[in-house]
Amino acid sequence: IEINKSLTALGDVIEAIARKQKQVPYRNHKLTQIMQDSLGGSAKTLMFVNCSPALSNLNETAMSLMYAARSKKVTNLGAPSSTLASASSPTSPLATRRGALMSQVAA
């Protein structure tokens, strides 16, 4: 059930980025908080979709393809290099927050 919550939160973030909304709901789930710098910045994002040829998996395959189509609308924009450099610094607040979230997820 937790996987559905995280995918819903990720879908909401992707939708907000695709629509270029001012508020992107990164804080709705730990997964989207951890992935925040990978979703809207200059990072390349790759999505794999598992499609099954079995008729019994038709529903899941269709939903996966719809999710992938929704994700495809996201366009990453370049960020100033100084912002990227400061965010990747091990002492930056973002790196500290990411480390804390990673340890929470691992627990």
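Quick caveat: nothing in here was measured; it's all calculated off a predicted structure.

1. Here we look at the overall build of the protein chain
What the protein chain contains, in helices and strands, is 6 helices and 0 strands. Counting from the amino terminus, helix and strand elements in the protein chain follow one another as α-α-α-α-α-α. Within the protein chain, buried positions represent 21% of all 107 residues. Roughly 8,000 Å² of accessible area belongs to the protein chain as shown, and the carbon and sulfur atoms make up 60% of that amount.

2. Some remarks on the packing of helix α1 (residues 2–18) against helix α4 (residues 58–72)
Contact pair α1 / α4: the axes reach a minimum separation of 9 Å and the direction vectors enclose 35 degrees. Crossing angle aside, the handedness with which α1 passes α4 is left-handed. Where α1 approaches α4, its residues Leu7, Leu10, Gly11, Asp12, Ile14 and Glu15 are matched on the opposing element by Tyr67, Arg70 and Ser71. Within the contact of α1 with α4, the residues separate by chemical class into 4 nonpolar, 2 polar and 3 charged.

3. Concerning the environment of alanine 16
Considering the arrangement of structural elements, one finds alanine 16 in helix α1. With a relative accessible area of 2%, alanine 16 lands in the buried category. Residues alanine 16 and valine 74, spaced 58 residues apart in sequence, show a C-alpha to C-alpha distance of 9.0 Å. If we ignore the near neighbours within four places in the chain, the residues touching alanine 16 are Gln21, Gln23, Val24 and Pro25.

4. Thoughts on the nonpolar core
Listed in full, the 6 residues of the largest apolar core are Leu10, Val13, Ile14, Ile17, Tyr26 and Leu39. Sorting elements by how many residues they give to this core places α1 first, with 4 residues.

5. Considerations on the pattern of salt bridges
With the rule as written, the count across this model stands at 2 salt bridges. In this structure, the salt-bridge partner of aspartate 37 is arginine 98, at a minimum N-O distance of 2.9 Å. Taken together, the residues span a long stretch of sequence, with aspartate 37 in helix α3 (residues 36–39) and arginine 98 in helix α6 (residues 93–106) at a distance of 61 residues. For aspartate 37, a relative accessible area of 35% puts it in the partly exposed group. Given a relative accessible area of 27%, arginine 98 falls into the partly exposed group.

6. Focus on unusual backbone geometry
The backbone of lysine 20 sits at a positive phi, close to 55 degrees, despite the residue not being glycine. Position of lysine 20 relative to the elements: it lies in the loop between α1 and α2 (30–34). For lysine 20, a relative accessible area of 64% gives the class exposed.

7. Examining the side chain of histidine 29
Within the secondary structure, histidine 29 is located in the loop between α1 and α2. Accessibility expressed as a relative area gives 16% for histidine 29, which makes it buried. Residues within four places of histidine 29 in sequence aside, it is in contact with Glu2, Lys5, Ser6 and Ala9.

What counts as what
The residue numbering used here restarts from 1 in each chain and proceeds along that chain's sequence as written. Local features in a predicted model are, by the rule used here, given only for residues with pLDDT of at least 70; side-chain atom pairs are given and counted only at 80 or more, and totals for whole chains, interfaces and linings are based on all residues. To get the side-chain values, all heavy atoms of the structure are used, and hydrogens and water are removed first. Strands are runs of DSSP state E lasting at least two residues, helices are runs of H or I lasting at least four, and both sets are numbered from the N terminus onward. In this scheme, a residue with accessible area under 20% of its type's maximum is buried, one over 50% is exposed, and one in between is partly exposed, where area comes from a 1.4 Å probe on protein chains only. Accessible surface area values rest on a Shrake-Rupley calculation with a 1.4 Å probe, where residue burial reflects the displayed protein chains alone. The axes used here are C-alpha line fits, helices contributing only the stretch in contact, and every angle between their N-to-C directions lies in the interval 0 to 180 degrees. Put simply, a crossing is left-handed when the front helix is turned counterclockwise from the back one by less than a right angle, and right-handed when it is turned clockwise. Pairs of residues are marked as contacts when any of their non-hydrogen atoms sit within 4.5 Å. All residues other than Ala, Val, Leu, Ile, Met, Phe, Trp, Tyr, Cys, Pro, Asp, Glu, Lys and Arg, Gly among them, are scored as polar; the first ten of these are nonpolar and the last four charged. Think of a nonpolar core as a cluster: buried Ala, Val, Leu, Ile, Met, Phe, Trp, Tyr and Cys residues, connected wherever their side-chain atoms sit within 4.5 Å. A pair is scored as a salt bridge if a Lys or Arg side-chain nitrogen falls within 4 Å of a carboxyl oxygen belonging to Asp or Glu.

Purely geometric numbers; function is a separate question.
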